[in-house]
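One letter stands for each residue in the lines below.
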Amino acid sequence: VSVSMSTNPEKAVSYVLSKYVTEYMDKDVLILDMDTETREAATMLRNYERDDIIVVDKEKIPVGIVTDEDILSKVSDVTVYAEATTLKEIMSKPLITISNKSTLQDALHKMRDNNVRKLPILSKKNQVVGIIFQSSIANVIRDATAVAPRLLSPPVKAVLGNLGFVLQFAGVLLLVPAIVATLLEDTVAATGMYLTTVLLLVTGFFLNSYGEKASLNLQQASVLVFSSLFLLSLFGTIPYLYVFPSDAPPAEVFANAFFSSAAGFTTGGISLFDEPEKLSQSFTFFRSYTQLVGGMSFIYLVITAFYPESKLQAMRGFISGKTLHMKELFLTITVIFGIYIVIVASLLYAFGERDIIDNFSLAMSTLSTGGFTPTSTILEGLLWQEYIVLMGAMILGALPFTFHYAFVRKKFLSPKLGKEVLTYFGILGGATILFAIVSGLDPMQSAFYSVSASTTAGLQMNSLAGLSGGAHTILIILMFIGGCGFSTAGGLKIFRLFHLTDIRAFLSKIRRCELPNQNKKELISTLIILGLFPIISAITGAHLAEIENVPYQDAFFEAAGIITTGGLSAGVIDSQTDPATMIVLGFLMIFGWVGIAKVARSMSLQIKTKGYVEAATMRS
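Rules behind the numbers
- Residues numbered from 1 in each chain as written.
- Predicted model: local features only at pLDDT ≥ 70, side-chain atom pairs only at ≥ 80, totals over all residues.
- Heavy atoms only, no water.
- Helix = DSSP H or I, 4+ residues; strand = E, 2+ residues; numbered from the N terminus.
- Buried < 20%, exposed > 50% of the residue type's maximum accessible area, 1.4 Å probe, protein only.
- Contact = heavy atoms within 4.5 Å.
- Areas by Shrake-Rupley, 256 points an atom, 1.4 Å probe, with all protein chains shown as cover.
- Phe/Tyr/Trp six-rings, centres within 6.5 Å; stacked < 30°, edge-to-face > 60°.
- Lys NZ or Arg CZ within 6 Å of the ring centre and 35° of its normal.
- Axes fitted to C-alpha atoms, helices over the stretch in contact; angles between N-to-C directions.
- Parallel < 35°, antiparallel > 145°, perpendicular 65-115°, else oblique.
- Left-handed = near helix turned anticlockwise from the far one by under 90°.
- Nonpolar A, V, L, I, M, F, W, Y, C, P; charged D, E, K, R; others polar.
- pLDDT = per-residue confidence, 0-100.
- Pairing = 2+ DSSP bridges.
- Right-handed = clockwise from strand over helix to strand, strands pointing away.

## Observations regarding the overall build of the protein chain
Phase 1: Helix and strand content of the protein chain: 28 helices and 6 strands.
Phase 2: Each of the 620 residues in the protein chain was classed as buried or not, and the buried ones make up 54%.
Phase 3: By sequence separation, contacts in the protein chain at least 24 residues apart represent 71% of the contacts at least 6 residues apart.
Phase 4: If you sum the accessible surface of the protein chain, you get close to 27400 Å²; carbon and sulfur atoms cover 61% of it.

What follows is the structure in structure tokens.
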């Protein structure tokens, strides 16, 4: 198999060894029962032109292997004794096999450790799906280092292939608001939405033609997440261009549109519309829907990119029992959140008797912890029941996706999962009481703003510029901490706080050696993000205070809401803010989201070309 090579042979080998064994396996495998007579087996080997027989027991479970050499060496005279000999008597056992989800690198390790040159490949149900040969892997490595360099290196093609899939996926999803706009006869908004959908689908198709779906290391996955959010935000500006006033300078219109789109897909949720109630219903639905697409797709993207199925054992602690399976997890989460949206929208409709489309928009914003409000007046005069429904929806969005999955699977009492969720509620409860005392707001509003900050949903009734420094500090800390891991909430994430318990051991020269490498890397990652959030907020706040002529306290609060994708606002930025600043703030939301995902150097082992070439070509 010819593989286009990067100019660096080491990277080329690293790339091909990260591919699944199923891509290079021989699918034509001769499988026979263990009681088959050796003479019959020898005849079948010759007829099918095979060199190996995989031997199975009565339950069709593979138990051994017989090669043509075995038949020649173990049966002295085939014509005389073969009829009385069965495969069970001459097969090599135990059978060394490998999973169909393993990589070529895994296969080489297993071959080396067991001194074999071929491995039958088994499916999840222990059925033989093929066989991988050491010579095949050697040929793949030889081709990877011998083929002349092409335009795109394999890692770049892997990123492009995954990126194309994400854009096509988003393009299909965004057909929903476009159809809603068509049904509501809002031709202006519908035009922008259809154009966005077409561009996403075409670009995704174009990238797929140049790329290929393949596993990524952590560094490539970080590039994929950033590229996905940037392109989604960029294409998502198109519908906004149809809505923002056309008499403003083009640069200002584009900057505001890009910022608004990024606020949607990153679930930042800061709004630049002074009177959003004047927007059409179909457009407010589109704004909230982008948050749902951004939130759900992003979690899918993070799990897919950073936690491929072979690595999902790391998440086993979240749910007692077996390892998670990707398709089952995705389908369950999608169904659960679909049900959540319907329930929240129905409750809002029952209590408030508002328009059902606005209710669905608000339900999507809260559950995706996005924060866009369909109209500027929708949160005025809420009944206490509506406050409870919205807070409940925001909290659901900030809980781990694995929590919802485990809840349905009736395994939600897993210790690790319970610890994170209980810690989250403990922080939220304490902060709510403290905020109610410091802010002077009534208990319901205090609880609402505390939940809005800790879930990074950012829903608010009015500007928070008038709050005291203590009240601002509480909300900022809640936005910095954020929700639980594997949720649409932003912030540092609760599960990262647990890593801080390793600080004392990390600082001790003696105990540092006892810390697993994974714990060290997680701790360093947590400390970097913990340091970057306030530093970036401080720098951005200083800039906003100067250009907008507002108190630094309000500007810092605004900046914290942007970098954490918290969405709570002190009303500092608006549609008149200069375009360059708006573009930078849009990128800050994207960087904040990627940082939340866990940007770090690639932790995958660097593969030394020479060692693996020797291992692969040994006796081939």
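Text resumes after the structure shown.
## Looking at the packing of aromatic side chains
Phase 1: According to the stated counting rule, one finds 23 aromatic pairs in the structure shown.
Phase 2: A centroid spacing of 5.4 Å and a plane angle of 80° characterise the contact between Y387 and F448, whose relative ring orientation is edge-to-face. Of this pair, Y387 sits in helix α17 (residues 384-398) while F448 is found in helix α20 (residues 443-454), placing the two residues 61 residues apart along the sequence. Like F448, Y387 is buried.
Phase 3: Members of the aromatic cluster, connected to one another through ring pairs, are F226, F230, F254, F258, F587 and F591.
Phase 4: Across the ring face of Y20, the terminal group of K101 is positioned such that the distance to the ring centre comes to 5.9 Å.

## A look at the packing of helix α9 (residues 175-183) against helix α10 (residues 187-210)
Phase 1: Where α9 meets α10, the axes come as close as 9 Å, and the angle between the chain directions of the two elements is 155°. The angle between α9 and α10 places the two elements in the roughly antiparallel class. In this structure, α9 meets α10 at a crossing whose hand is left-handed. Facing α9, whose interface residues are L175, P177, A178, I179, A181 and T182, α10 presents A190, M193, Y194 and T197.
Phase 2: Here the residues of the contact of α9 with α10 are counted per class, giving 8 nonpolar, 2 polar and no charged.

## Some details on the confidence of the model for the protein chain
Phase 1: With 80% of its residues at a pLDDT of at least 70, the protein chain reaches an overall mean of 79.
Phase 2: When the elements of the protein chain are averaged for pLDDT, helix α28 (residues 609-617) gives the smallest value, 36, and α9 the largest, 94.
Phase 3: The low-confidence segment residues 1-6, where pLDDT is below 50, has 28 contacts with residues more than four positions distant or belonging to other chains.
Phase 4: The low-confidence segment residues 599-620 (pLDDT under 50) makes 44 contacts with residues lying over four places distant or belonging to another chain.

## Points about the pairing of strand β1 (residues 30-33)
Phase 1: Only one face of β1 is buried: it carries L30 and L32, and the other face, with I31 and D33, is open.
Phase 2: Here 4 bridges tie β1 to strand β2 (residues 52-56), and the two strands are oriented parallel to one another. Across the sheet, I31 pairs through a bridge with I54, a residue of β2.
Phase 3: Crossover connection from β1 via helix α2 (residues 38-48) to parallel β2: handedness right-handed.

## Side note on the sheet that holds strand β5 (residues 118-122)
Adjacent strands of a sheet pair through backbone hydrogen bonds, lying either parallel or antiparallel.
Phase 1: An order of β4-β5-β6 is seen for the 3 strands of this open sheet, with the pairing classed as mixed. Only two strands of the sheet have a single partner each, and these edge strands are β4 (98-99) and β6 (128-133).
Phase 2: Note: β4 against β5, 2 bridges, orientation parallel. When the bridges of β5 are listed, S99 appears paired with L122.
Phase 3: Each of β4, β5 and β6 touches helix α6 (residues 104-114); the most contacted strand, β5, lies at about 130° to it.

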